[in-house]
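Analysis of the macromolecular model
Chain by chain, the residues run as shown.
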Amino acid sequence: MCSFFSRKKHVRLRGQAHKRRRTSEPIEIEDRLESLICRVGEKSTSSLESNLEGLAGVLEADLPNYKSKILRILCTVARLLPEKLTVYTTLVGLLNARNYNFGGEFVEAMIRQLKETLKNNLYSEAVYLVRFLSDLVNCHVIAAPSMVAMFENFVSVTQEEDVPQVRSDWFVYVVLSCLPWVGKELYEKKDVEMDRLLSQIEGYLKRRVKTHVPMLQVWTADKPHPQEEYLDCLWAQIQKLKKDRWQERHILRPYIAFDSVLCEALQHNLPPFTPPGHMPDAQYPMPRVIFRMFDYTDAPEGPVMPGSHSVERFVIEENLHCIIKTHWKERKTCAAQLLSYPGKNKIPLNYHIVEVIFGELFQLPSPPHIDVMYTTLLIELCKLQPGSLPQVLAQATEMLYMRLDTMNTTCIDRLINWFAHHLSNFQFRWSWDDWADCLTVDLEKPKPKFVKEVLEKCMRLSYHQRIVDIVPPTFSALIPADPIFTYKYVDESASSLPGYPMSITVSNAIKNRASNEEILTVLKEVPNPNQEDDDDEGESFNPLKIDVFLQTLLNLAAKSFSHSFSALGKFHEILKTLANSDEGKLHLLKVLYEVWRNHPQMIAVLVDKLIRTQVVDCAAVANWLFSQDMAHEFTRLFIWEILHSTIRKMNKHVQKIQKELEEAKDKLEKQQHKRRDSGDDEDMDKNSEDEEGQLEEQIERLQEKVESAQSEQKNLFLVIFQRFIMLLTEHLVRCETGSVDISTPWYKNCIDRLQQIFLMHHATIQQYMGTLENLLFTAELDHHILAVYQQFCALQL
Amino acid sequence: MSVKLNALNSDSYIDISQYRDQHFKGNRYEQEKLLKQSNTLYVGNLSFYTTEEQVHELFSKSGDVKRIIIGLDKIKKTACGFCFVEYYTRADAEHAMRFINGTRLDDRIIRTDWDAGFKEGRQFGRGKSGGQVRDEYRQDYDPARGGYGKLAQQHRPTEGRNSF
């Protein structure tokens, strides 16, 4: 290992004592230490063992001057680089062998860090820390009995009463997830205690409640791969490991090469560690379901894929997830790190990578990272392995297509978006004919529906003719409509329509740049089909007025998004006036749909603008989407994209005002402190009082705003859930009286969509659980609908 | 406890590039400050035929798009292969730099870069012929960007002359 210190040479000037320039060195050295430690284990011309040996030597030499920095760096990599766990435990082992005190201080620092992470709800990082500690047993840094004692304390959490199940789940998970690394060693030293531990865990796993599982499964079917709850799967893997007498051959263990050095080291005992008690604001990790789509039959040649209950599978998946977690922001690095996974020659790595990536993309309630990251990561992987990865990806796509019938609708949405975006990067090349089977069934069934939605998304990224060109003629029924404007008053053939003459007048007025007042005056002449006579100023809801104005305006602006946005902006006041009632808002949306029904993308962006400019409110959009007029579009993806976008806007609005309120409160507090500290200056006091008074007023106003916004938010969810309940109940009753199977494609779609509301907005909905339970999800509800609610509740328990 | 290790915090895709707008009103420091806080991206290497709708669909994948301004030829007032995409939040724009930059739109690898903020007039190409500067001097034939570069077009012999 090359020397990396570059001490400035002594500069001896004539007649002066030599100087050493040291001011910049400590920082340089600290950066170098960081870099050396972070990069050890990466591609190198020397072996890992010799790099570790060299680094241990360097760090040992630096301990006198940089001990606390080194401690901090090592603690941080333990927490943030779990995929390199054994590299760093080996390093710590070597340091401990050379410097016993340092080993002790490191263990203490780790315990402190563990307490911090638990206090701050950083549960996944806490897992990595405990795993690190447990692997230190293998490196002779920590004595096995003290590790067992810590595990015993963790498992005793399962005896606690009145705590959320997710709390005890976590402590059990931590213990089990360390055993692939340290099970062998702990069993060799303390088999009686370990058996007792495992038996306690088994008892817990048997009695825990698993209502939440169906809500988290990607597929409802158990074949070909059951979607197992994560603790059940891990338990099965540990059972198998135990049966194999804890022989584990996948994990890279550099410390084995140093056994002769390490076994001479003195070990430390972990201090007794009591798990922190349950706090009401604790946010334990949500339960998961393990995503599996491949098994040993899928990789045609080369190494065999480890079985679903093998501990190797667990370790590989854990490491791949960790690599993505570390490098997701830099896709090239992420792809390179995934593909250089140590031990890759013994496993079908491409299959594991693809499975882990799809597992994250389809994770419920939501993926760990933004969806588009996975698309781009897969493209990078294809670039780096052009001869093998695209084939695995194609195989995966094919398999996912074949299993669409039992796939959760939310996951199908993500698959649609991924596939279309992916194709757009590869000239839309796909063997569509392979999927000709989807043409032979009802178009509402999952497979043809999937293809239809994919083609629609592909069109959005290209243009209509392109889609016509890329699919075989047999697929014409699935091709999306040409996204053109449909104008009611298009020409003389429409002259018999009541609004036709007015549409020409309005059109001319707009083209001649008439003012808003002038146009409103023109519109006054539009007869109201809902009224016998003009009993008022013509201010009440007039559907024909809305129809004429909006159709005409949008027709003139149909050229592009920008033209339409500009039109909505220019005539904002008129639109607000026309739509100043619930019926008005509903009708506005109805007309919008009528003219743009072939261009769902345009509908979505215009609805977005109408909400942001407060021409329509969120509840109006929800009511419109659930209205009878939209029933025929109810299962189309764009409907749900609009609804979820609407809910998100509502949520962001509430958050924004809450933030303003918090900031105002902080300002007031600061002001009050300033006054208190400023002494007896009367003038300052007066000014301060005024400012405080203003702030208090502002806070009061913001408080009202927050309450009003939250009330609107609650109302939105109530409207949505009420509509779902009405629709689903209607369907269930109809099926029951007609003795028909309830499981139609529509029903499956609808119940999944209800579930999706809960999953996508679970954090917000939490606040309104009481109201939901009292008003809507009562015991009288049909059990099919109630089950969705109960599964949702089970996620938090 | 929350030690940040520089070596582990790499997020190079969102770094500002070397490009600085020569027409920017203000000094280098001010421009860089704006670039580092901006929610607006410049998008380059678009086809002349790429529509606002396509841009919106793609860039919405990283977050809600506030507005799109399609770059225009200063003389012809037609699309000339670039645009600006403005997001409501910086975070969404950063995701675009990480995951949309360097991928394809309309079969072309597009490039995104931070922009100091749209100002009226910046939607026009600055090349002498009205389009973008890069289309003045390039030598290759790009059917989606008007064929040959403008300079190359002037020097290209017309079809008939050499065919005997």
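Residues numbered from 1 in each chain as written. Chains lettered and ligands numbered in written order. Predicted model: local features only at pLDDT ≥ 70, side-chain atom pairs only at ≥ 80, totals over all residues. Heavy atoms only, no water.

You'll find chain B entered in an unreviewed UniProt entry as Nuclear cap-binding protein subunit 2, with Oreochromis aureus given as the organism. According to the UniProt record, the Sequence similarities (unreviewed entry) comment for chain B is "Belongs to the RRM NCBP2 family." Of the comments in the UniProt record for chain B, the one headed Subunit (unreviewed entry) reads "Component of the nuclear cap-binding complex (CBC), a heterodimer composed of ncbp1/cbp80 and ncbp2/cbp20 that interacts with m7GpppG-capped RNA." (UniProt positions renumbered as here; feature names shortened; annotations may be inferred.)

Looking at an unreviewed UniProt entry, one finds chain A named Nuclear cap binding protein subunit 1 and attributed to Oreochromis niloticus.

What follows concerns the overall build of chain B. The helix and strand inventory of chain B stands at 5 helices and 8 strands. Ordered by position from N to C terminus, the α and β elements of chain B give α-β-α-β-β-α-β-β-β-α-β-β-α. In terms of its C-alpha atoms, chain B occupies a principal-axis envelope of roughly 80 × 35 × 30 Å. Looking at chain B as a whole, 51% of its 164 residues qualify as buried. Surface exposure of chain B reaches about 8800 Å², of which carbon and sulfur atoms provide 51%. Of the side-chain charges in chain B, 27 are positive and 23 negative, and the distance between the mean point of each set is 5 Å. (Helix = DSSP H or I, 4+ residues; strand = E, 2+ residues; numbered from the N terminus. Buried < 20%, exposed > 50% of the residue type's maximum accessible area, 1.4 Å probe, protein only. Areas by Shrake-Rupley, 256 points an atom, 1.4 Å probe, with all protein chains shown as cover. Lys, Arg positive; Asp, Glu negative; His and termini not counted. Charge placed at Lys NZ, Arg CZ, Asp CG, Glu CD.)

A few words on unusual backbone geometry. All names here are of chain A. K223 connects to P224 through a cis peptide bond whose omega is -5°. As for its position among the elements, P224 is in the loop between helix 8 (213-216) and helix 9 (230-243). Between L364 and the following residue, P365, the backbone shows a cis peptide bond with an omega angle of 0°. Along the chain, the position of P365 falls in the loop between helix 13 (349-361) and helix 14 (371-384). The backbone of F428 shows a phi angle near 55°, a positive value even though the residue is not glycine. Following the sequence through the fold, F428 ends up in the loop between helix 16 (409-424) and helix 17 (446-461). Even without being glycine, Q614 reaches a positive phi, approximately 60°.

This next bit is on the interface of chain B and chain A. Interface size is commonly expressed as the accessible surface area that is lost when the partners come together. In this complex, chain B contributes 35 residues to the contact, which on the side of chain A involves 44 residues. Both faces combined, the contact of chain B with chain A buries some 3600 Å², and carbon together with sulfur accounts for 53% of it. Applying the counting rule to chain B against chain A returns 6 salt bridges. Between D107 of chain B and R466 of chain A there is a salt bridge, and its shortest N-O distance comes to 3.0 Å. Seen at the junction of chain B and chain A, the total is 15 residue pairs in polar contact (both at pLDDT 80 or more). At the level of secondary structure, the elements contributing two or more residues to the side of chain B that touches chain A comprise helix 2 (52-59), strand 2 (65-72), helix 3 (90-99) and strand 4 (104-105) of chain B. In terms of residue class, the side of chain B that touches chain A is made up of 13 nonpolar, 11 polar and 11 charged. (Contact = heavy atoms within 4.5 Å. Buried area = accessible area lost by both parts, 1.4 Å probe. Salt bridge = Lys/Arg side-chain N within 4 Å of Asp/Glu carboxyl O. Polar contact = N/O pair within 3.5 Å; in protein donor to acceptor, adjacent residues only side chain to side chain. Nonpolar A, V, L, I, M, F, W, Y, C, P; charged D, E, K, R; others polar.)

A word on the pattern of salt bridges. Under the definition given, this model contains 58 salt bridges over all chains. Among the salt bridges present, the one from E229 of chain A reaches R208 of chain A, with a minimum N-O distance of 2.8 Å. Here E229 of chain A, found in the loop between helix 8 and helix 9, pairs with R208 of chain A, found in the loop between helix 7 (165-207) and helix 8; they are 21 residues apart in sequence, far enough to count as distant. Like R208 of chain A, E229 of chain A is buried. With its nearest N and O atoms 3.1 Å apart, the salt bridge here joins R612 of chain A to D608 of chain A. Residue R612 of chain A and its partner D608 of chain A are located together in helix 25 (residues 600-612), separated by 4 residues, close to a single helical turn. A relative accessible area of 32% means that R612 of chain A is categorised as partly exposed. The class of D608 of chain A is buried, set by a relative accessible area of 13%. Three or more residues are tied together by salt bridges with common partners; here these are E456, K457, R460, E633, R636 and E641 of chain A together with E57 of chain B.

Bringing the packing of helix 2 (residues 48-80) of chain A against helix 4 (residues 100-119) of chain A into the picture now. Residue and element names in this part refer to chain A. Orientation of helix 2 relative to helix 4, taken along the N-to-C sense of each, is 45°, at an axis distance of 10 Å. The angle between helix 2 and helix 4 falls in the class oblique. Along this stretch, helix 2 crosses helix 4, giving a crossing that reads as right-handed. Here L63, K67, I70, L71, L74, C75, T76, A78 and R79 of helix 2 come into contact with helix 4, specifically with F102, E105, F106, A109, M110, Q113 and T117. Taken together, the residues that form the contact of helix 2 with helix 4 break down as 10 nonpolar, 3 polar and 3 charged. (Axes fitted to C-alpha atoms, helices over the stretch in contact; angles between N-to-C directions. Parallel < 35°, antiparallel > 145°, perpendicular 65-115°, else oblique. Left-handed = near helix turned anticlockwise from the far one by under 90°.)

Further remarks concern the environment of V141 of chain A. Residue and element names in this part refer to chain A. Here V141 shows up in the loop between helix 5 (123-138) and helix 6 (144-155). Since its relative accessible area comes to 0%, V141 is described here as buried. Taking C-alpha positions, V141 is 30 Å from L338, a pair spaced 197 residues apart along the chain. Sequence-distant contacts of V141, that is, excluding residues within four places in its chain, are made with V92, G93, N96, V107, L136, Q267 and H268.

Moving on: the UniProt feature "domain: MIF4G" (unreviewed entry) in chain A. UniProt feature "domain: MIF4G" (unreviewed entry): in the numbering of this structure it lies at residues 30-242 of chain A. Across residues 30-242 of chain A, helical content stands at 77% and strand content at 0%; the span's end C-alpha atoms are separated by 44 Å.

What follows is about the UniProt feature "domain: RRM" (unreviewed entry) in chain B. Per the UniProt record, the feature "domain: RRM" (unreviewed entry) sits at residues 39-117 of chain B. Secondary structure across residues 39-117 of chain B comprises 23% helix and 39% strand; the distance between its end C-alpha atoms is 8 Å.

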